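# Structural overview
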Amino acid sequence: MSMRQLFLQNVAQTSDFPLMIEVEKAEGVYMYGATGERYLDLISGIGVSNVGHRHPRVLKAIHEQLDKYMHLMVYGEFVQAPQAQLAQALTQTLPKRLNNVYFLNSGTEAVEGALKLAKRYTGRTELVSCRNAYHGSTQGALSVNGSEGFKNAFRPLLPDVRHIQYNSIPDLQSITSRTAAVIIETVQGEGVRVAKDDYLQHLRRRCTEVGALLILDEIQCGFGRTGTFWAFEQFGIEPDILLCAKGMGGGMPIGAFIAPQEIMAAFKTDPILGHCTTFGGHPISCVASLATLQTIQEEQLLEGVATKAALFRELLVHPRIKEIRNCGLMMAAEFESFEVLKAVIDQAIRNGVLTDWFLFCDNSMRIAPPLVISETEIREACAVILQSIDEATANLK
């Protein structure tokens, strides 16, 4: 049987139309198929490969750690240098108050841990999130997602969850002294919606007024994606709990929630081991993450984000593109419909450029390339997209 047949027969599917690209190798901004075809990756595994595929520094760190040890013990019991060094490096990028890191395996696990921590620390039960938010697929994370279409089939979910409209200042009055936490994406990832004016500052003040914790989900927009290491740096606020994953691992699975030590201490008693994980903070993932962080800093990748984003905006001009939204290299190009967009995406893939759509904004093309993408590669990608639009829509009115 071919790999494609094995994939369809034995690997659980999440849709009836998987992309079915068979990848043999990946390097930098490119993926290579089993028969030599090449794809320029414009989505970075959905915001994961911020330093590109198989960055040499990440590979070197992994190889060196493999010669020492892999999993040793459940999280939090042994002193492991990869965890301690990564935690220190992360806190050095953050305000002094955010000084305690809990490592997990993924973004949705970071959400779960943060929600539990907020309820435990505040003694409250209500959680507030935004409509059209995406925070993950597990039961708790799904509960604070903002799309009813993705939730209804799995109810009952967590009780006492309230939804507000992103960017609506009047809606902030729904946050009250009953609210344990507000969880919000600093930049909404499914469609790339950026906070307007001083919305996030109003949100921060409201949480402080009523004693609710502010959880910023930077699972997609963190680790340099928006042009600053953390997106919240651009909005003049600080969270009580910060979430990260995706781009932090250099291609390895890892997530974290970060909070002040006095808040995180709520997990230590009543009950003891208030949050547990076996594989969270895996040493291989931690050294890969540290190498990723150092690569972003030492190769000055943040400095090029705005210029590269501007080049995409300059080049992607076409009557079929209705709007481009972005915060750094977190971009959405809007088309008239999902049908048009899907035809363009499929044609772009045939032409060697990998893009995608958004869950809650299915008429917009996701553009989130590795931060290491060059000007030449951007020009190549945009030329292919424009060509693909013409080819895919030639017979449409």
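As a reminder, the structure under discussion sits directly above these lines.
Residues numbered from 1 in each chain as written. Predicted model: local features only at pLDDT ≥ 70, side-chain atom pairs only at ≥ 80, totals over all residues. Heavy atoms only, no water.

## Section: the overall build of the chain
Tallying secondary structure elements over the chain gives 13 helices and 17 strands in all. The C-alpha atoms of the chain give a radius of gyration of 21 Å, which matches the 21 Å a tight globule of 397 residues would have. Considering only C-alpha atoms, the chain reaches an extent of 65 × 55 × 45 Å along its principal axes. In the chain, which comprises 397 residues, the proportion classed as buried is 54%. Long-range pairs, those at least 24 residues apart, make up 72% of the contacts in the chain with a sequence separation of at least 6. Taking the average location of the 36 positive side-chain charges in the chain and that of its 43 negative ones, the two points are 4 Å from each other. (Helix = DSSP H or I, 4+ residues; strand = E, 2+ residues; numbered from the N terminus. Rg over C-alpha atoms; globule rule 2.2 N^0.38 Å. Buried < 20%, exposed > 50% of the residue type's maximum accessible area, 1.4 Å probe, protein only. Contact = heavy atoms within 4.5 Å. Lys, Arg positive; Asp, Glu negative; His and termini not counted. Charge placed at Lys NZ, Arg CZ, Asp CG, Glu CD.)

## A closer look at the sheet that holds strand β15 (residues 353–354)
Spatially, β1-β2-β3-β15 is the arrangement adopted by the 4 strands of the open sheet, whose pairing is mixed. Each edge of the open sheet carries a strand with a single partner, namely β1 (23–27) and β15. Where strand β3 (residues 38–41) meets β15, 2 bridges bridge the pair, whose relative direction is parallel. The partner of L40 across the bridge, within β15, is V353. With respect to the sheet, helix α13 (residues 375–393) is in contact with β2 (30–33), β3 and β15, its orientation differing from that of β3 by roughly 105 degrees. (Pairing = 2+ DSSP bridges. Axes fitted to C-alpha atoms, helices over the stretch in contact; angles between N-to-C directions.)

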